[in-house]
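The primary structure of each chain is shown beneath.
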Amino acid sequence: QVQLVESGGGLVQTGDSLRLSCAASGLTFSNYAMGWFRQAPAKEREFVATINWSGGYTDYADSVKGRFTISRDNAKKTVYLQMNSLKLEDTAVYYCAARETTAVVTSVPRRYDYWGQGTQVTVSS
């Protein structure tokens, strides 16, 4: 049974940093591209960042480029999202997702095979 468990969310102030983690189990982690998505109240789920199976390729939404960094540790079966210079508009539930591929990564949510339960990130002024 595949499980993705996010952690590290919380309440922070604008300009602060947070690091989210997503621990995977029940899958061969290195066969999967990983992604982070987020969903704010009354909004659709949106792409944040993705990383290929080896960590050698990453992609980001324009809104987080230069502030967020996605990384992975295949030995620990964990993907991370380092979030710096947080803004009010970063407030959302953050989800990690896994897509079984060692080829092209994608920002399209429906192309991911597994999802975590989400972790809340709230940025206040």
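Residues numbered from 1 in each chain as written. Predicted model: local features only at pLDDT ≥ 70, side-chain atom pairs only at ≥ 80, totals over all residues. Heavy atoms only, no water.

1. Some words on the state of the cysteines
Simply put, disulfide is the name for a covalent bond between the sulfur atoms of two cysteines.
Here is step 1: Tallied over the full model, the rule gives one disulfide.
Here is step 2: Through a disulfide, C22 is tied to C96; the S-S separation comes to 1.9 Å. Within this pair, whereas C22 is found in strand β3 (residues 18-25), its partner C96 is found in strand β9 (residues 92-100), the two being separated by 74 residues in sequence. (Disulfide = S-S within 2.5 Å. Helix = DSSP H or I, 4+ residues; strand = E, 2+ residues; numbered from the N terminus.)

2. Thoughts on the pairing of strand β11 (residues 119-124)
Here is step 1: Only one face of β11 is covered, namely the one carrying T119, V121 and V123; the face carrying Q120, T122 and S124 has none of its residues buried.
Here is step 2: Sheet analysis places strand β2 (residues 10-13) next to β11, joined by four bridges and oriented parallel. When the bridges of β11 are listed, V12 appears paired with V123.
Here is step 3: In this sheet, β11 lies alongside β9 in antiparallel orientation, the contact comprising three bridges. What sits directly across from A92, in β11, is V121. (Buried < 20%, exposed > 50% of the residue type's maximum accessible area, 1.4 Å probe, protein only. Pairing = 2+ DSSP bridges.)

3. Describing the side chain of T101
Here is step 1: Looking at the secondary structure, you find T101 in the loop between β9 and β10 (114-115).
Here is step 2: Taking the relative accessible area as the measure of exposure, T101 reaches 13% and is therefore buried.

4. Some points on the side chain of R72
Here is step 1: The topology assignment puts R72 in strand β7 (residues 68-73).
Here is step 2: Buried charge without a salt bridge: R72, with D73 as the nearest opposite-charge side chain at an N-O distance of 8.2 Å.
Here is step 3: Within the structure, R72 has its side chain in polar contact with the backbone oxygen of F29 (distance 2.9 Å). (Lys, Arg positive; Asp, Glu negative; His and termini not counted. Salt bridge = Lys/Arg side-chain N within 4 Å of Asp/Glu carboxyl O. Polar contact = N/O pair within 3.5 Å; in protein donor to acceptor, adjacent residues only side chain to side chain.)

5. So, the pattern of salt bridges
Here is step 1: What the rule picks out here adds up to four salt bridges.
Here is step 2: The residue R38 makes a salt bridge to D90 at a minimum N-O spacing of 2.9 Å. Taken together, the positions of R38 in strand β4 (residues 32-39) and D90 in the loop between β8 (78-83) and β9 put the pair 52 residues apart, joining distant regions of the chain. Both residues of the pair, R38 and D90, belong to the buried class.
Here is step 3: In this structure, the salt-bridge partner of K65 is D62, at a minimum N-O distance of 3.2 Å.
Here is step 4: The partly exposed category is assigned to K65, whose relative accessible area is 47%.
Here is step 5: For D62, a relative accessible area of 66% corresponds to the exposed category.
Here is step 6: What emerges from the salt-bridge pattern is a single network uniting R38, E46, R67 and D90.

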